[in-house]
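Working through the structure, step by step
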Amino acid sequence: MIINSRFFNRSELIGFVALGLVLFVILPLSLDVFRLNLVAKYLTYAFVAIGLVLCWGYGGILSLGQGVFFGLGGYCMAMFLKLEASSVENTKIQSTPGIPDFMDWNQITALPLFWQPFHSLTFTVLAIILVPGLFALIIGTAMFKRRVGGTYFAIITQAVAAILTILIVGQQGYTGGINGMTDLRTLKGWDIRPDHAKVVLYFFEVFLLFGCILIAQFIRLTKLGRILVAMREQEDRVRFSGYSVANFKIFAFCMAAIFAAIGGAMFALNVGFMSPSFVGIVPSIEMVIYTAVGGRTSIFGAVWGALLVNFAKTGLSESFPQLWLFGLGALFIAVVLAFPNGLSGIWADHVQSRIDRLVSSIKKKSGDWTSNSVADGAPAE
Amino acid sequence: MFGDYSIGDLGSIFVMQGFAGLILFSVYVLMALGLAIIFGQMGVINMAHGEFMILGAYVTWMTSNLFQSYLPGLFSGYFFLAMMLAFLASGALGMLVEWGLIRHLYKRPLDTLLATWGLSLILQQAYRSVFGAREVGVELPQWMLGSLKVTDSIEVPINGIFVMGLTVSITCAVAYVIYKSRWGRQVRAVVQNRIMAGAVGINTEKVDRYTYGLGCGIAGIAGSAFTMIGSTGPTSGQLYIVDTFLVVVFGGAASLLGTIASAFSISQTQSTLEFFMSGSMAKVLTLLAVVGILMLRPQGLFSLKVRK
């Protein structure tokens, strides 16, 4: 109960400040723009990973379809950017000017109806949140109200990811097909491609990320978060206590979907394209491993997991392309068999306890009168 | 959409598409049987199932090469030996995996999913390193080539008939082992009540290991049959894994009959639709229908009533 009276306990505050330092100060100062843009790309997965912490770590619902929501968010953003890039002046060499190039290649002569509203940025921002949210609401309601959970839910979300990928690839004229939407240029007239824009977008993304971290932390600390944990451990007891288990699950799943969608939208902005290769089964499972590596119940761990796994991926596949899949496979197995709580578990078991011992021994040395005031919860220096 | 065809043409189209569906059905059944045993009987999600299948396919390919270079006289019969070798190789690897990995995770079914996914990545890369990234195809013996003319407009390929016959016999063998043999009785006892099965003296760990091995072995046979109708690459297995899981879940996890019925309905729907629209849309519609039905009836077509 004492923990819940504050927004962050001491170790969480340290984690928050450390993450803020690294993302706001250290990385932007030490990396060139190309590498910083890579970090921005990795961080888009951190949004998904934070969502999975809520949904999987706390709610116990393993979704293997987060790529669907990442993709929906990303495609909403990409559609807006693509429309802006396909103005009549830019596309006057096409047989139908004013529509995206891939439509022209597929002999489509007018902008399809569902593309029309994406001329408006307000609509696009709303769609990034609402389309995946509603989609998750429909899937979640259909599944959880019928008490489908666990492995069945995982398989069905995976099937949804497969369906959406096939659909996007198959409907080339409307979606850009396997190549996706490329050549995104400006956001409301502001060029997103040059270096200074990349830096601005990076900081904007980190701000959004911290917003999501705070929301997730808030959910975790309220009664809602505790019900999620209770549900994960003993679903029937929560149900017998009169709570509607299904509604809480739907909520967690929708939040995870919305976070993933924000990540997807930031991906389209930062990386400058969106394609079905970020939607399907393989990327969806990879997103789960970020959370698993970070520690499935740790919000900060999720961000670190997304960063570290992706750094390892880039590093390994640049120098030893053969090794990367072996490494990733071994990572899956090791995380499940040996470190089910991931990095945050290792931190809590091995590092945190040593720090605590060190702190308490320092306290003892410096006399009794200080220990009272320090133990009362002054945040870490 | 029927306007351009006469009645007779339509009839032939349905028969031919139906037959194409039957071949797809055979592959689904062979793959899904192994998965149904592992998932239905043990509750383990084996994401590496496709890779066990591909192992069987590569074993078949190696055997055919061996026969071609050393025993060309016996080449027409290599397939039967290859099938047995595929079963043994995949089964042995399966038992090894069960011993090293799966048995630590029986209480955490979602984690088996992640771990076996990791295993599938490792196996894929291993195949790529050993056999190369290019797809390989086996040379079929002479008697399997060509097709059988039923009427003027209807032809059925012989390798398709062979795969179907194989499927039927494997299915019967599995049904016999599970429902009639002493060992099958032990498997079913463990599924229904693990603690009681242990109490009456069944070695549940051993049953688990052999069940897993059997499931993977059947996947190996599926891979062997797969080489008859398509070529094999390191990632071919992954293409089928989601479909196969849907087949198993749609059929009702613990029911062999359900698995066969769902494999039949899914493959027939898909191949019939494929004639009227693009392959991708046919697949989307089929999968959507399956997911939709599963949302209405989560327990699948046939469900086993067990007191939990």
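Residues numbered from 1 in each chain as written. Chains lettered and ligands numbered in written order. Predicted model: local features only at pLDDT ≥ 70, side-chain atom pairs only at ≥ 80, totals over all residues.

Right, let's get into the overall build of chain B. A count of helices and strands for chain B gives eleven helices and two strands. Along chain B, helices (α) and strands (β) appear in the sequence α-α-α-α-β-β-α-α-α-α-α-α-α when read from the amino end. By the compact-globule yardstick of 19 Å for 308 residues, chain B fits well, its C-alpha radius of gyration being 20 Å. Across its three principal axes, chain B shows a C-alpha extent of roughly 65 × 55 × 35 Å. The buried share of chain B, taken over its 308 residues, is 48%. Summarising the internal contacts of chain B: among those between residues at least 6 apart in sequence, 77% fall at separations of at least 24. (Helix = DSSP H or I, 4+ residues; strand = E, 2+ residues; numbered from the N terminus. Rg over C-alpha atoms; globule rule 2.2 N^0.38 Å. Buried ≥ 20, exposed ≤ 12 C-beta atoms within 10 Å, placed from the backbone. Contact = placed C-beta atoms within 7 Å.)

The next thing to look at is the overall build of chain A. Across its full length, chain A carries 16 helices and two strands. Its C-alpha atoms give chain A a radius of gyration of 22 Å, within 12% of the compact-globule value 21 Å for 381 residues. Its C-alpha atoms give chain A principal-axis dimensions of about 80 × 50 × 45 Å. Looking at chain A as a whole, 43% of its 381 residues are labelled buried. For chain A, contacts bridging at least 24 residues in sequence account for 78% of all contacts bridging at least 6.

The subject of this paragraph is the confidence of the model for chain B. All names here are of chain B. With 94% of its residues at a pLDDT of at least 70, chain B reaches an overall mean of 83. The weakest mean pLDDT in chain B belongs to strand S1 (residues 147-149) at 72; the strongest belongs to helix H3 (residues 78-100) at 92. Both scores are available for the predicted complex, with the pTM at 0.87 and the ipTM at 0.83. (pLDDT = per-residue confidence, 0-100.)

If you look at the interface, chain B gives 33 residues, while chain A gives 35 residues. Only helix H4 (109-131), helix H9 (236-251) and helix H11 (279-296) of chain B provide two or more residues apiece to the side of chain B that touches chain A. Ranked by residue count, the leading element in the side of chain B that touches chain A is H4(B), at 14 residues. Of the residues that constitute the side of chain B that touches chain A, the class distribution is 24 nonpolar, seven polar and two charged. (Nonpolar A, V, L, I, M, F, W, Y, C, P; charged D, E, K, R; others polar.)

Generally speaking, nonpolar side chains in soluble globular proteins are found buried as a group. Formed by 198 residues in total, the largest nonpolar core has its most connected members in A:Ala46, A:Ala49, A:Ile50 and A:Ala306. Ranked by residue count, the leading element in this core is helix H11 (residues 245-271) of chain A, at 20 residues. (Core = buried A, V, L, I, M, F, W, Y, C linked by C-beta atoms within 7 Å.)

Below, the discussion takes up unusual backbone geometry. Residues and elements named next belong to chain A. With phi around 60°, glutamine 107 is a residue other than glycine that occupies positive phi space. Looking at the element boundaries, glutamine 107 is found in the loop between helix H4 (101-105) and helix H5 (121-144). For glutamine 107, a count of 9 C-beta atoms within 10 Å corresponds to the exposed category. Positive phi, close to 50°, is recorded for lysine 188, a residue that is not glycine. Residue placement: lysine 188 occurs in the loop between strand S1 (186-187) and strand S2 (190-191).

The next point concerns the environment of B:Ile266. All names here are of chain B. Along the chain, isoleucine 266 turns up in helix H10 (residues 256-276). Each C-alpha atom of the pair isoleucine 266 and glycine 279 lies 14 Å from the other, and the pair is 13 residues apart in sequence. Apart from the residues lying within four places of it in its own chain, the contact partners of isoleucine 266 are Tyr28, Val247, Phe250, Thr286 and Val290.

Turning our attention to the packing of helix H8 (residues 195-221) of chain A against H11(A). Residue and element names in this part refer to chain A. Look at H8 against H11: their axes get within 11 Å of each other, and the N-to-C directions meet at 175°. Accordingly, the angle class assigned to the pair H8 and H11 is roughly antiparallel. Each of Leu201, Glu205, Leu208, Cys212 and Ile219 in H8 lies in contact with H11, whose residues at this interface are Met255, Phe259, Ile262, Met266, Leu269 and Asn270. For the contact of H8 with H11, the class distribution of residues is nine nonpolar, one polar and one charged. (Axes fitted to C-alpha atoms, helices over the stretch in contact; angles between N-to-C directions. Parallel < 35°, antiparallel > 145°, perpendicular 65-115°, else oblique.)

The next point concerns the packing of helix H3 (residues 66-85) of chain A against H11(A). Residues and elements named next belong to chain A. Running from N to C, H3 and H11 point in directions that differ by 40°, and their axes come no closer than 6 Å. With respect to each other, H3 and H11 are oriented oblique. Pair H3 / H11 crosses with right-handed handedness. On H11, the residues that touch Gln66, Phe69, Phe70, Gly71, Leu72, Gly73, Gly74, Cys76, Met77, Ala78 and Leu81 of H3 are Ala256, Ala257, Ala260, Ala261, Ile262, Gly263, Gly264, Ala265, Phe267, Ala268 and Leu269. The class makeup of the residues in the contact of H3 with H11 is 16 nonpolar, six polar and no charged. (Left-handed = near helix turned anticlockwise from the far one by under 90°.)

Residues and elements named next belong to chain B. Tracing the sequence through the fold places phenylalanine 250 in helix H9. Expressed as a C-alpha distance, the spacing of phenylalanine 250 and cysteine 172, which sit 78 residues apart in the sequence, is 21 Å. When sequence neighbours within four positions are dropped, the list of residues in contact with phenylalanine 250 reads Ser262, Ile266, Val290, Leu294, Gly300 and Leu301.

Residue and element names in this part refer to chain A. Per-residue confidence for chain A gives a mean pLDDT of 86, with 94% of residues at or over 70. Considering each helix and strand of chain A separately, the mean pLDDT is smallest for helix H16 (residues 368-375), with a value of 45, and largest for H11, with 94. Every residue in residues 369-381 scores below 50 in pLDDT, and together they form ten contacts with partners more than four places removed in sequence or on other chains.

Another point: helix H6 (residues 150-170) of chain A. An ideal rise of 1.5 Å per residue puts 30 Å on 21 residues; H6(A) measures up with 30 Å between its terminal C-alpha atoms. Counting buried positions along H6(A) yields 18 of 21 residues, so the element is predominantly enclosed. (Expected span 1.5 Å × (residues − 1).)

So, on to the environment of B:Ser26. All names here are of chain B. Along the chain, the position of serine 26 falls in helix H1 (residues 7-42). Given 28 C-beta atoms within 10 Å, serine 26 falls into the buried group. Each C-alpha atom, one on serine 26 and one on serine 267, is 9.0 Å from the other, the two residues being 241 residues apart in sequence. Those residues within four positions of serine 26 in sequence are excluded, and the remaining contacts are Val163, Met164 and Thr167.

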